[in-house]
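# Fold and contact review
Chain by chain, the residues:
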Amino acid sequence: TAVFLVVEIILPQKLMVSYGWRIPFLLAFLILIIGFVIRYRISETPIFEAAKAEKRISGLPARDVFKYNWKEVLAGTLLAGSSGIFFYFAIALLPTVFESKGIVSVTMGLIATAIFAVMDIVFVFIGGSISDRYGRRTMLITANAIALVIIYPAIYVYNPVAFTVFLAIFGI
């Protein structure tokens, strides 16, 4: 979002539409390559190497997870997936709707999305602490309930300030 914001501010609209939107993706690709290089230069932990030597590592771990823990996988997918729906609603659909209706500019949409990202980063740690205390299920259900309560006002209150506030709340 920050790179898109910078490119949006620097480039004229015509250049942004023609090639500027590609710049953040190219930078992300470079980060991907750096990540692969770092990953392959780091050795495995001694515990993993010992388990591997003793043949305690499954050849198809994904198969084993689905075979022995399918109920947990299904429940986790549904709970985490519902949170993902609200996440993408906030960072993709909401800015698009408000920008297409002329309520906020693309730049304002990117700024609000950046605020969302900061809130999300901060509250991941706070949410983790709360989750440790009250349980993951309680945390996921509560977060989804809050998102359900604010989703309709977020889409129907056509106001730039409300848009930014709702994105910040979704980041929580």
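Rules behind the numbers
- Residues numbered from 1 in each chain as written.
- Predicted model: local features only at pLDDT ≥ 70, side-chain atom pairs only at ≥ 80, totals over all residues.
- Heavy atoms only, no water.
- Salt bridge = Lys/Arg side-chain N within 4 Å of Asp/Glu carboxyl O.
- Buried < 20%, exposed > 50% of the residue type's maximum accessible area, 1.4 Å probe, protein only.
- Helix = DSSP H or I, 4+ residues; strand = E, 2+ residues; numbered from the N terminus.
- Contact = heavy atoms within 4.5 Å.
- Expected span 1.5 Å × (residues − 1).
- Bend = angle between axes of the 7 residues up to and from the residue.

### Regarding the pattern of salt bridges
Applying the stated rule across the entire model yields 4 salt bridges. Residues arginine 56 and glutamate 54 are paired through a salt bridge, measuring 2.8 Å at the closest nitrogen-oxygen approach. Side by side, arginine 56 and glutamate 54 carry an identical accessibility label, which is exposed. Among the ionic pairs, aspartate 132 bridges to arginine 136, the shortest N-O distance being 2.9 Å. Taken individually, aspartate 132 and arginine 136 each receive the classification exposed, so the pair is uniform in this respect.

### Thoughts on the side chain of serine 131
Considering the arrangement of structural elements, one finds serine 131 in helix H7 (residues 106-134). Filtering out sequence-adjacent residues up to four positions away, serine 131 remains in contact with Arg136 and Met139.

### Points about helix H9 (residues 160-171)
Helix length check: H9, at 12 residues, gives a terminal C-alpha distance of 17 Å against a target of 16 Å (1.5 Å per residue), a fit within 8%. Within H9 the residues assigned to the buried category are Ala162, Phe163, Thr164, Phe166, Leu167, Ala168, Phe170 and Gly171. Buried residues along H9 sit against helix H6 (70-100), H7 and helix H8 (136-156).

### Focus on H7
For H7, spanning 29 residues, the distance from its first C-alpha to its last is 39 Å, which sits close to the expected 42 Å at 1.5 Å a residue. Roughly 30° is the biggest bend found in H7, and it falls at phenylalanine 123. Three or more residues of H7 are buried, namely Gly109, Leu110, Ala112, Thr113, Phe116, Gly127 and Ser131. Tucked inside the fold, the buried residues of H7 contact helix H1 (2-10), H6, H8 and H9. Of the residues trailing H7, glycine 135 is marked for its positive phi of about 105°.

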